[in-house]
Amino acid sequence: MPVSDLVSWNTVIVGLARNGLYEEALNIVRQMGNVNLKPDSFTLSSVLPIFADYVDVIKGKEIHGYAIRHGLDANVCIGSSLINMYAKCARVEDSHRLFCLLPVKDAISWNSIIAGCVQNGLFDEGLKFFRQMLIAKIKPRHVSFSSIMPACAHLTTLHLGKQLHGCIIRNGFDDNMFIASSLLDMYAKCGNIRLARCIFDKMDLHDIVSWTAVIMGNALHGNAHDAISLFEQMEKDGVKPNSVAFVAVLTACSHAGLIDKAWSYFNSMTKDYGIAPSFEHYAAVADLLGRAGKLQEAYEFISNMHAGPTENVWLTLLSACRVHKNVELAGKVAEKIFMIDPNNMGAYVILSNTYAAARRWKDAASLRVFMRNKGMKKTPACSWIEVKNKAYAFVAGDKSHPFYHRINEALKELLERMEQEGYVPDTKEVLHDVEEEQKKNLLYYHSERLAIVFGIICTPDGTTIRIIKNLRVCGDCHTAIKFISKIVQREIIVRDNSRFHHFEDGKCSCGDYW
DNA sequence: CTAGGGTTAG
């Protein structure tokens, strides 16, 4: 059989696969056998992306086996598509192994392993490969940047994201849609919504991803009205919202307490766009109802979910129960969660905090003992700040920190000025059964305050301070930071586990609703 | 007259 025959068969397969006609492409591959043609490296690397898209690791592995038997596994194109296929099937350790074994690595094989890591949440690993790629003198391409940027976004490493942005501009990649979307998302997640919006406005074209990224960014920063008007503009521009876009706009409503708006979007999603609500949509609405104190309504809403509620949806209601100190419903909700996952740590923590908030110290304590016996540990609160391209982490009351004494001095000084301005510590949320004086001390050393004071000491006057915290900011710290922003005349941006707070001149952008 | 990698998600 002449080679050109195989070439023309491959050409047809590629054409079909690239146009999304996967079944037709696979049919052609099957027919190759009937005319005694054997798939070669071109065939395999055209077919593998199909199984990556199908998340079909069984079929993918079959191809992998075929490649090994025919001595094609050292081919760089097959290698990249195998790395990609395993990563898409959540088998990134297999991708990793293949990448190491690959004798020749080009830019695309590097991009495959970087994207594979980032898509599986291995952000540090992805960054490590990115650096190794540079060391190996492989020039990053546009795909390298759009693959690695989400790692900066998730890790909130603004300095890295900015460096990469510089590279992108120098390479003239800044007009690429994928890169612009990932960049604007990175800036939004790292606390700079203004720059995120700037990048969005400079784009020539907007697709559903860039719209969603800018809507979500505004939602996270509490700019509900911007988020909603962007969503409406998107609809006007003829870009059809998808399920993710609705998550974004519902998140915006949820962070601003816009119940009626949220309902109208939730209903329009199914009615106007035929999108079935997923648990994220339910979670956003449940969160909104819960925080507005409509706990019973939220309970019924969740109970009527089509697919059956997930533990995450119940968890949003459980934290609402804690906020509104509804111990009875909290118990009922916790039970629902333990039916799905008996070892759900988050649920035990919130439940014990609910008891403590209702001053039921004994119940809280016995639950903590139970948790300790089960070997469950509460996540310690931690805040961090970037100063001069370095991240500094703080945990509450950490005396081992090298800057502890300087921070402590500054904290005392600041506290005096705060009290002169009218700050009264609010110990209601201190969930320990200890003396009032001790409670105050616990508050004064919350991790976010240590990080903020460190930032004030280490940066010139007027510099914006950006803090990231792994847990929710407590009510008293929220008040304290408002005072601090006024006293030191600095903009302080705090990202907790669910949203951003912009503190400026004694006020917070969330309007005290969060 | 042939092949592989990318952005949004409480």
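About the thresholds
Throughout this document, residue positions are counted from 1 along each chain, in the order its sequence is written. Ligands are numbered from 1 and chains lettered from A, in the order in which they are written. Selection of residues for local features in this predicted model requires a pLDDT of at least 70, selection of side-chain atom pairs for listing and counting requires 80 or more, and totals for whole chains, interfaces and linings are taken over all residues. Neither water nor hydrogens contribute to the side-chain values; these are computed over all heavy atoms in the structure. UniProt positions are given in the numbering used here, feature names are shortened, and annotations may be inferred rather than shown by experiment. Fitting a line to C-alpha atoms yields each axis, with helices limited to the stretch in contact; the angle taken between N-to-C directions then spans 0 to 180 degrees. Put simply, DSSP marks the helices as runs of H or I at least four residues long and the strands as runs of E at least two long, and each gets a number from the N terminus on. Under this scheme an angle from 65 to 115 degrees is roughly perpendicular, one under 35 degrees roughly parallel, and one over 145 degrees roughly antiparallel; angles in between are oblique. The crossing is said to be left-handed when, going from far helix to near helix, the turn is anticlockwise and less than a right angle, and right-handed when the turn is clockwise. By definition in these notes, contact holds between two residues if any of their heavy atoms fall within 4.5 Å. Proximity is defined per residue: if any heavy atom of the residue lies within 4 Å of a molecule or strand, that residue is considered near it. We define a polar contact as two N or O atoms separated by no more than 3.5 Å, with the added condition that, inside protein, one atom must be a possible hydrogen donor and the other a possible acceptor, whereas residues neighbouring each other in sequence contribute only through side-chain atom pairs. Residues are grouped as follows: Ala, Val, Leu, Ile, Met, Phe, Trp, Tyr, Cys and Pro are nonpolar; Asp, Glu, Lys and Arg are charged; every other residue, Gly included, is polar. Definitions used for this entry: grid spacing 1 Å over protein atoms alone; cavity, a set of points where a 1.4 Å probe fits but cannot get out; pocket, an open set with protein on both sides within 12 Å along at least 5 of 7 lines; lining residue, one with an atom within 4 Å of a point. Grid points are joined across faces, edges and corners, and a volume is the space filled by probe spheres set on the points. The nonpolar core is taken to be a set of buried Ala, Val, Leu, Ile, Met, Phe, Trp, Tyr and Cys residues, with the residues joined through side-chain atoms within 4.5 Å. Burial here depends on accessible area, computed with a 1.4 Å probe over protein chains only, as a share of the maximum for the residue type. Under 20% is buried, over 50% is exposed, and the range in between is partly exposed. Source of the domain bounds: an automatic or database domain assignment. Any residue with relative accessible area above 30% and no salt bridge may belong to a patch, with like charges joined within 9 Å and the nonpolar Val, Leu, Ile, Met, Phe, Trp and Tyr side chains within 5 Å. Surface accessibility follows the Shrake-Rupley procedure with a 1.4 Å probe radius. Residue values consider only the protein chains on display as shielding. Salt bridges are counted wherever a side-chain nitrogen of Lys or Arg sits within 4 Å of a carboxyl oxygen of Asp or Glu. By the counting scheme adopted, Arg and Lys are positive, Glu and Asp are negative, and His together with the chain ends is not counted. In this description, the location of a charge corresponds to atom NZ of lysine, CZ of arginine, CG of aspartate or CD of glutamate. To estimate the expected span of a helix, count its residues, drop one, and scale the result by 1.5 Å.

In the nomenclature of an unreviewed UniProt entry, chain A corresponds to DYW domain-containing protein from the organism Citrus sinensis. For the record of chain A, the UniProt heading Sequence similarities (unreviewed entry) holds the text "Belongs to the PPR family. PCMP-H subfamily."

A. Region of interest: the packing of helix H19 (residues 311-323) against helix H20 (residues 327-340). As a packed pair, H19 and H20 sit with axes 9 Å apart at the nearest point and diverge in direction by 160°. In terms of orientation, H19 and H20 fall into the roughly antiparallel class. Here H19 runs over H20; the crossing is left-handed. Where H19 abuts H20, its residues Glu311, Trp314, Leu315, Leu317, Leu318 and Cys321 lie against Leu329, Ala330, Val333, Ala334, Lys336, Ile337 and Ile340.

B. Molecular detail of the protein's contact with DNA strand B. Around DNA strand B, a shell composed of 44 residues is seen, among which Phe42, Asp106, Asn111, Lys189 and Met216 lie nearest. Within 4 Å of the protein, the contacting atoms of DNA strand B are 46% sugar and phosphate, with bases supplying the remainder. Asp106 is positioned such that a nitrogen or oxygen atom in its side chain is 2.6 Å from a base nitrogen of DNA strand B. Within the contact set of DNA strand B, a phosphate oxygen lies 2.4 Å away from a side-chain nitrogen or oxygen of Lys189. Taken together, the elements giving at least two residues each to the surface near DNA strand B come down to helix H1 (3-18), helix H3 (41-54), helix H5 (76-88), helix H7 (107-119), helix H9 (142-155), helix H11 (177-189), helix H13 (208-220) and helix H15 (243-256). Of the residues that constitute the surface near DNA strand B, the class distribution is 16 nonpolar, 20 polar and 8 charged.

C. Spatial organisation of the layout of surface pockets. Computed from the structure, the second largest pocket encloses a volume of approximately 890 Å³. In terms of lining, the second largest pocket is formed by 29 residues, of which the most central are Pro150, Ser181, Ser182, Asp185 and Val209. Mapped onto the lining of the second largest pocket, the elements with two or more residues apiece are H7, H9, H11, H13 and H15. Here the lining of the second largest pocket gets 8 residues from one element, more than from any other, and that element is H9. Here the lining of the second largest pocket is composed, by residue class, of 15 nonpolar, 10 polar and 4 charged.

D. Quick peek at the nonpolar core. If you look at the biggest cluster of nonpolar residues, it comprises 129 residues, and the most contacted ones within it are Met186, Leu317 and Leu318. In this structure, this core is formed jointly by two domains, domain 1 (1-139) and domain 2 (277-377), each of which donates at least three residues. For Met186, the residues in contact, after removing those within four places along its chain, are Met149, Cys152, Ala153, Leu158, Gly161 and Lys162.

E. Representation of a negative patch on the surface within the structure. On the surface, a cluster of negative charge is made up of Glu409, Glu413, Glu416 and Glu419. Position of Glu419 among the secondary structure elements: in helix H23 (residues 404-420).

F. How the structure looks around empty space enclosed by the protein. What the rule picks out here adds up to 1 cavity of 30 Å³ or more. Put simply, the largest cavity is a space of about 50 Å³. In this structure, the largest cavity is lined by Leu411, Leu415, Met418, Tyr444, Arg449 and Ile484. The leading source of residues in the lining of the largest cavity is H23, at 3 residues. In terms of residue class, the lining of the largest cavity is built from 5 nonpolar, no polar and 1 charged.

G. Spotlight on the domain arrangement of chain A. As far as domains go, chain A holds domain 1 (1-139), domain 2 (277-377) and domain 3 (382-508). A straight line from the C-alpha centre of domain 2 to that of domain 3 covers 28 Å.

H. Molecular detail of the packing of H11 against helix H12 (residues 193-202). Running from N to C, H11 and H12 cross one another at 165°; their axes reach a closest spacing of 7 Å. One finds that H11 runs roughly antiparallel with respect to H12. Regarding H11 and H12, the two cross each other, and that crossing is left-handed. Between H11 and H12, the contacting residues are Ala180, Leu183, Leu184, Tyr187 and Ala188 on the first element and Ile193, Leu195, Ala196, Ile199 and Phe200 on the second. Across the contact of H11 with H12, the residue classes tally to 10 nonpolar, no polar and no charged.

I. Representation of helix H25 (residues 447-458) within the structure. Here H25 is 12 residues long and its end C-alpha atoms lie 17 Å apart, about the 16 Å a rise of 1.5 Å per residue gives. Counted residue by residue, H25 has 9 buried out of 12 residues, so it is predominantly covered. Of the residues making up H25, those classed as buried are Ser447, Glu448, Arg449, Leu450, Ala451, Ile452, Val453, Phe454 and Gly455.

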